[in-house]
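Below, each chain spelled out in residue letters.
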Amino acid sequence: MAPHALSPAVRSEAGSPTPRQGQSEITVLASSRAVVKGRMTAATIVISTVTGKIQSIWESVLPASDFPAGTPYVDHSPHILMPGLVDAHVHLNEPGRTEWEGFWTGTRAAAFGGVTTVVDMPLNAIPPTTTVAGFEEKIAAAQGKCWVDVGFYGGIVPGNVEELKPLVKMGVRGFKGFLIDSGVDEFPAVSSEDISKVFRELADEPTTVMFHAEMIPPVTKSVGDDVQISEPPMVPSGPLDVYQTFLDSRPSTFETYAILEILSLAHLAPQLPLHIVHLSAVEAIPMLREARAKGVNITAETCPHYLSLAAEAIKKGDTRHKCCPPIRNQNNQDGLWSEMCRPDDSVIKTVVSDHSPCTPNLKLLPANVPGAIETTTKEGEGDFFSAWGGISSVGLGISVLWTEASTRKFTIEDVVRWCCLNTAKQVGLEHQKGDIAVGLDGDIAVFDEEAEFIVQPSTMLFRNKCSPYQGKALKGVVQETWLRGRKIHTREQGFIEKTGPAGQLLLEPRVKA
Ligand SMILES: NC(=O)N[C@H]1NC(=O)NC1=O
Ligand SMILES: [Zn+2]
Ligand SMILES: [Zn+2]
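Since we're looking at a predicted model, the values are computed, not measured.

*Asks:* Break down the coordination of the zinc ion (ligand 3) for me, citing the residues and quoting the values.
*Replies:* Surrounding the zinc ion (ligand 3) are the protein donor atoms His89 (NE2), His91 (NE2) and Asp354 (OD), which sit 2.1 Å from the metal. Mapped onto the sequence, the donors of the zinc ion (ligand 3) take the spacing H-x1-H-x262-D. Between the two metals, the zinc ion (ligand 3) and the zinc ion (ligand 2), the spacing is 3.9 Å. With His89 in strand E6 (residues 85-90) and Asp354 in the loop between strand E16 (348-351) and helix H11 (397-407), this pair connects stretches of sequence that are 265 residues apart. You'll find His89 and Asp354 in the same group, each marked buried.

*Asks:* Please set out the site of ligand 1 residue by residue, giving values where relevant.
*Replies:* The immediate surroundings of ligand 1 are formed by 15 residues, with Asn124, Ser182, Cys324, Ser356 and Gly389 found nearest. The side chain of His212 places a nitrogen or oxygen atom 3.0 Å from an oxygen atom of ligand 1. Interatomic distance of 3.5 Å between a backbone N/O atom of Gly390 and an oxygen atom of ligand 1. Its free accessible area being 300 Å², ligand 1 has 97% of it covered by the protein chains. In terms of residue class, the shell around ligand 1 is made up of five nonpolar, eight polar and two charged.

*Asks:* Residues and numbers for the coordination of the zinc ion (ligand 2), please.
*Replies:* Those protein atoms acting as donors to the zinc ion (ligand 2) are Lys176 (NZ), His212 (ND1) and His278 (NE2), and they sit at 2.1 to 2.2 Å. In this structure, the zinc ion (ligand 2) is surrounded by four donor atoms whose angles at the metal cover 92 to 128°, and the resulting shape is tetrahedral. Here Lys176 falls in the buried class, since its relative accessible area comes to 1%. Classification of His278 as buried rests on a relative accessible area of 2%.

*Asks:* Which residues make up the nonpolar core, and what values do they have?
*Replies:* The biggest cluster of nonpolar side chains holds 126 residues, and the ones touching the most others in it are Met82, Phe199, Val209, Ile259, Ile276, Leu279 and Trp418. Core analysis: the second largest hydrophobic core is formed by 12 residues, Ala34, Val36, Ile444 and Val446 among them.

Cut-off values and rules
Residues numbered from 1 in each chain as written. Chains lettered and ligands numbered in written order. Predicted model: local features only at pLDDT ≥ 70, side-chain atom pairs only at ≥ 80, totals over all residues. Heavy atoms only, no water. Donors = N, O, S within 2.8 Å, 3.2 Å for Na, K, Ca; no water. Helix = DSSP H or I, 4+ residues; strand = E, 2+ residues; numbered from the N terminus. Buried < 20%, exposed > 50% of the residue type's maximum accessible area, 1.4 Å probe, protein only. Near = heavy atom within 4 Å. Polar contact = N/O pair within 3.5 Å; in protein donor to acceptor, adjacent residues only side chain to side chain. Areas by Shrake-Rupley, 256 points an atom, 1.4 Å probe, with all protein chains shown as cover. Nonpolar A, V, L, I, M, F, W, Y, C, P; charged D, E, K, R; others polar. Tetrahedral: all angles 85-135°; square planar, octahedral: opposite > 155°, others 65-115°. Core = buried A, V, L, I, M, F, W, Y, C linked by side-chain atoms within 4.5 Å.

Everything listed here is a matter of geometry and, on its own, says nothing about what the molecule does.
Below is the structure:
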């Protein structure tokens, strides 16, 4: 490439603010391997330090001498430059349950793992993001505490339909509702009537409606001439600290029944994107495929835990593995991976953490499990039914996923599709996030896919160091994380503290796809 070809590309954009004295207007990252527009290539990426946007890309490694003297330039070869990850499902729980997780700790954990955007779930904070007032409190609580960019979902609960359009205008990136008990009182489940109202209300809005798709199938019984419908309780069928007992209490039919219910109402909003969060049961896949073939606009996500852990290996009382829907058996995991082999028509488009932490006491961990705390009472120890449901993993996702995906012959491009390109699309941020392309934010993860590490408290930056991954050897290390053209974290040096929490709140309303 002739050096003169650079001059138009490195010119700063007209009308942009001037950089501070002595600061270069651009920063350059190069590598023999980069995932640009979803494809592996050599690349030299020029990011404006003024706008934070990617200004130009060459599909070759240009030497530093091609750039003006003093331009920060690093050739990261052979490490991979990939887009910063967009984790589209994280519970940050602030305000109200900040002792479970907060903006500061949750976004630092994200940055450690190359995640440059997280999208916060509407529940577990108090208040939940189910009203305009609740969202205002969230936004206020997040100010100045975010180390990566943060978007927000709104919540759907019985009776809040009038809040939904105003929340869209305030910039929520979608909505989540539950069809089963959510685990927190302030976020009740919705009925089919509630869903019908929501679909009518949001039918033409630029948003996505997402469901925690587990539902207890009602049982019908005849009493005289009447048919009575009731929900059976989730009754344990064995010891409470045996994982299989818990798994038996939340079978795959809970997921398939919930999805059928959602599909039966989809005609009320034919244009509205629908989405199933944290899909676990493989049995739901053919149903979703059939619906999509008929034109229903529905997608699904799954999580690293469903793709890497299996019920058979969960030890007695190890409630670090409790989540809902549950981790199922190895066959189920293999089935999810088979679906991931279909890059173009898979119903599972994204992989997200569903980082849903709590304080360690609520996990009721027996003393011999790492992450346990000393408790004065042994009551309920190891009880999978009473323990908080949720897996902590934000920032570990890419390594957990790569450890498993690489043995199954998937590529880094696949990971980028699941965790960057498609997650950005899911939340309407594809014009800004999730890819290395001119005009997008200069969010980059520098990934060494050969390096390995053991998960320890020092590699779990979330607030409560209690995760089923502790002690596991993982493959793939994020060496550096860049947010809008600024290096914010390196594995060697930690956080670039002088940069401070440079994350922005992503509140620009979505536009219709
Ligand atoms: N309330 C809450 O965060 N629940 C999450 N935890 C989990 O395991 N599944 C969820 O939906
Ligand atoms: Zn959920
Ligand atoms: Zn969740």
